[in-house]
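Listed here are the chains, written in short residue letters.
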Amino acid sequence: MQTNTVKFLKDHVLSSEYNDLVTASDINAMIDVLDVNAFEIRGNDFSIRGVYPLTAMMNSVCNPNTQNSIDRDFTCRVRAVVPIKKGEEITATYTLTLAGTMFRQKQLQDSKYFACHCIRCKDPTELGSHFSTIYCQKCPKGYMLTTNPLNVLANWKCNECGYSMKSGDVEELIETLEKEVSELPLERDVYEEKLEAYSKLLHPNQHIMIDLKFTLVQVGFEVQPEIS
C-alpha cells in the first residue's frame, strides 16, 4: 500500500499544491476506510472494489439475515434470506459464511479490524452446525470443540473423554488438510477417496467436508454418462 498507493499518489498524481496539503497519513486514513467498507467485485478478467455507503452501514454477523449481490451494472442488491420482523436489525457478513470460526475471526481482525461476537462465533458448535468440529482421536464418540471460540489461542477439548489439544495443533491440522484439498485434481474418484479418508478426522458438516461435497457435486455434473 505504501509503495503502490501512497508513494504513487504523492510522487505522480498530486500536484505540488496539493502534495503539501495531503499527507501520507491522510491517504492511509482513506485506505483504511476503503478496507473496512468496500466490497470486492470480481469479473472474468478483473477485480475491483466498490463503496456502497448504505450497504456498508449494516453490521456484520456470521449468520446474517441478508445476502448481497452486485450486478453487471455494479448495482448492489440486498435480499432477505430469512423473514425479517419489523424493528429487527438487518445484518450482513463481512467474511465467508462457509468458513470455520477460527478463520472468520482471524480474517475479520486482519481485514476489518474487529473481533466478531455474534451468536454463531460465541457457540463452539456454531449453532449446532459443527462447521469447525473435528473428531476426538482418543475416544470413538467424542467431538473436539474449542473451549473459548472468541479466543483463537484457547485449547480444544473432547466433549466425551476430556482429551485436550492446543489450538495451534488444531490450526496446523486444518491448514494441512486445506492445502491437500487445494492441490487435488478435479477428478470424482479422488474427491470421493479424500472425503472417505477425512470422515475419520472431521465432522460430516465441518467446512472442509462441505467444501469437498460441493466440489464433488460440481465434478459429478461435469461427468458425461457412458453411452452403451
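Along each chain, the written sequence defines residue order, and numbers are assigned to residues from 1. A pLDDT threshold of at least 70 governs which residues receive local features in this predicted model, and a stricter bar of 80 or more applies before side-chain atom pairs are shown or counted, although totals over entire chains, interfaces and linings include all residues. Note: side-chain values were computed over all heavy atoms of the structure, leaving out hydrogens and water.

Caption draft 1: Quick look at the overall build of the protein chain. The helix and strand labels rest on DSSP assignments: H or I over at least four residues marks a helix, E over at least two residues marks a strand, and numbering proceeds from the N terminus. The number of helices and strands found in the protein chain is 9 helices and 10 strands. To get the radius of gyration, use the C-alpha atoms; to get the globule rule, take the number of residues to the power 0.38 and multiply by 2.2 Å. A compact globule built from 228 residues would reach a C-alpha radius of gyration of about 17 Å, whereas the protein chain, at 22 Å, exceeds it by more than 25%. Along the longest, intermediate and shortest principal axes, the C-alpha atoms of the protein chain span 70 × 55 × 45 Å. Only heavy atoms matter for contacts: two residues are in contact if any of them lie within 4.5 Å across the pair. Restricting to contacts in the protein chain with at least 6 residues of sequence separation, those with at least 24 account for 45%. Taken as a whole, the protein chain presents about 15000 Å² of accessible surface, with 54% of it coming from carbon and sulfur. Positive: Lys, Arg. Negative: Asp, Glu. His and the chain ends are not part of the count. Note that the charge is assigned to NZ on lysines, CZ on arginines, CG on aspartates and CD on glutamates. If the 23 positive side-chain charges of the protein chain are averaged to one point and the 31 negative ones to another, these points end up 6 Å apart. Calculation of accessible area relied on Shrake-Rupley with a 1.4 Å probe; when residues are assessed, cover is drawn exclusively from the protein chains displayed.

Caption draft 2: Summary view of the nonpolar core. Counting 21 residues, the largest nonpolar core has Ile134, Met144, Val170, Tyr198, Leu202, Ile208 and Leu212 as the members making the most contacts within it. Broken down by secondary-structure element, the contributors of at least two residues to this core are strand E9 (156-158), helix H7 (167-182), helix H8 (188-198) and helix H9 (207-222). Remark: nonpolar core denotes a set of buried residues (Ala, Val, Leu, Ile, Met, Phe, Trp, Tyr, Cys) joined through side-chain atoms within 4.5 Å. Relative accessibility under 20% of the residue-type maximum defines a buried residue, over 50% an exposed one, and the middle range a partly exposed one, all with a 1.4 Å probe and only protein chains included. Membership of the second largest hydrophobic core comes to 6 residues, among which are Leu108, Cys116, Cys118 and Cys121.

Caption draft 3: Inspection of a negative patch on the surface at higher detail. A grouping of Asp169, Glu172, Glu175, Glu178 and Asp211 is seen on the molecular surface, where their side chains present a negatively charged patch. Mapped onto the secondary structure, Glu172 falls in helix H7. With relative accessibility at 51%, the residue Glu172 sits in the exposed group. Residues form patches when they are more than 30% accessible in relative terms and have no salt bridge. Like charges link within 9 Å. Nonpolar side chains (Val, Leu, Ile, Met, Phe, Trp, Tyr) link within 5 Å. Salt bridges, as used here, are contacts in which a Lys or Arg side-chain nitrogen is within 4 Å of a carboxyl oxygen on Asp or Glu.

Caption draft 4: Spotlight on the layout of surface pockets. The calculated volume of the largest pocket comes to roughly 1200 Å³. Lining the largest pocket we find 32 residues, and of these Phe39, Glu40, Asn68, Thr95 and Leu96 sit closest to its centre. Of all the elements, strand E4 (residues 66-70) adds the most residues to the lining of the largest pocket, at 5 residues. Lys, Arg, Asp and Glu make up the charged group, whereas Ala, Val, Leu, Ile, Met, Phe, Trp, Tyr, Cys and Pro make up the nonpolar group; the residues left over, Gly among them, are polar. Tallied by class, residues from the lining of the largest pocket come to 15 nonpolar, 10 polar and 7 charged. Considered as a void within the structure, the second largest pocket measures approximately 340 Å³ in volume. The method works on a 1 Å grid over the protein atoms by themselves. A cavity is a set of points holding a 1.4 Å probe that cannot get out, a pocket is an open set with protein on both sides within 12 Å along at least five of seven lines, and residues with an atom within 4 Å of a point line them. Lining the second largest pocket are 22 residues; nearest its centre among them are Gly100, Thr101, Met102, Phe103 and Ile174. Counting residues per element, the ones that place at least two in the lining of the second largest pocket are helix H5 (101-111), strand E8 (143-146) and H7. For the lining of the second largest pocket, the element with the most residues is H7, which contributes 5 residues. Grid points are joined across faces, edges and corners, and a volume is the space filled by probe spheres set on the points.

Caption draft 5: Here's a closer look at the side chain of Thr95. Take Thr95: it is sitting in the loop between strand E6 (91-92) and H5. Taking the relative accessible area as the measure of exposure, Thr95 reaches 10% and is therefore buried. Pairing of N or O atoms within 3.5 Å defines a polar contact, subject to two protein rules: one partner must be a possible hydrogen donor and the other a possible acceptor, and residues neighboring in sequence count only if both atoms are side-chain atoms. A distance of 2.9 Å separates the side chain of Thr95 from the side chain of Gln107, its partner in a polar contact.

Caption draft 6: Representation of helix H3 (residues 24-37). With 14 residues, H3 extends 20 Å from end C-alpha to end C-alpha; this agrees with the ideal 20 Å at 1.5 Å per step. Residues of H3 that are buried make contact with helix H1 (2-13), strand E2 (47-50) and H5. Expected span of a helix: the number of residues minus one, times 1.5 Å.

Caption draft 7: Quick look at the packing of aromatic side chains. Stacked, tilted and edge-to-face pairs are distinguished by plane angle, under 30 degrees for stacked and over 60 for edge-to-face with tilted covering the rest, among Phe, Tyr and Trp rings (Trp via its six-membered ring) whose centres lie within 6.5 Å. Enumeration according to the criterion identifies 4 aromatic pairs in this entry. For the ring pair Phe46 and Phe74, a centre distance of 6.5 Å and an interplane angle of 70° mean the geometry is edge-to-face. With a gap of 28 residues between them, Phe46 in the loop between strand E1 (39-42) and E2 and Phe74 in the loop between E4 and strand E5 (76-80) connect regions that are remote in the sequence. The interplanar angle of 85° and the centroid separation of 6.1 Å between the aromatic rings of Tyr94 and Phe114 together place this pair among those described as edge-to-face. Taken together, the residues Tyr94 in the loop between E6 and H5 and Phe114 in the loop between H5 and helix H6 (119-122) connect sequence positions 20 residues apart.

Caption draft 8: Representation of the environment of Asn59 in the model. For Asn59, the position within the fold is in strand E3 (residues 59-60). Asn59 sits 66 residues away from Thr125 along the chain, and the two C-alpha atoms are 22 Å apart. Filtering out sequence-adjacent residues up to four positions away, Asn59 remains in contact with Glu89, Ile90, Thr91, Ala92 and Tyr94. Within the structure, Asn59 has its side chain in polar contact with the side chain of Glu89 (distance 2.8 Å).

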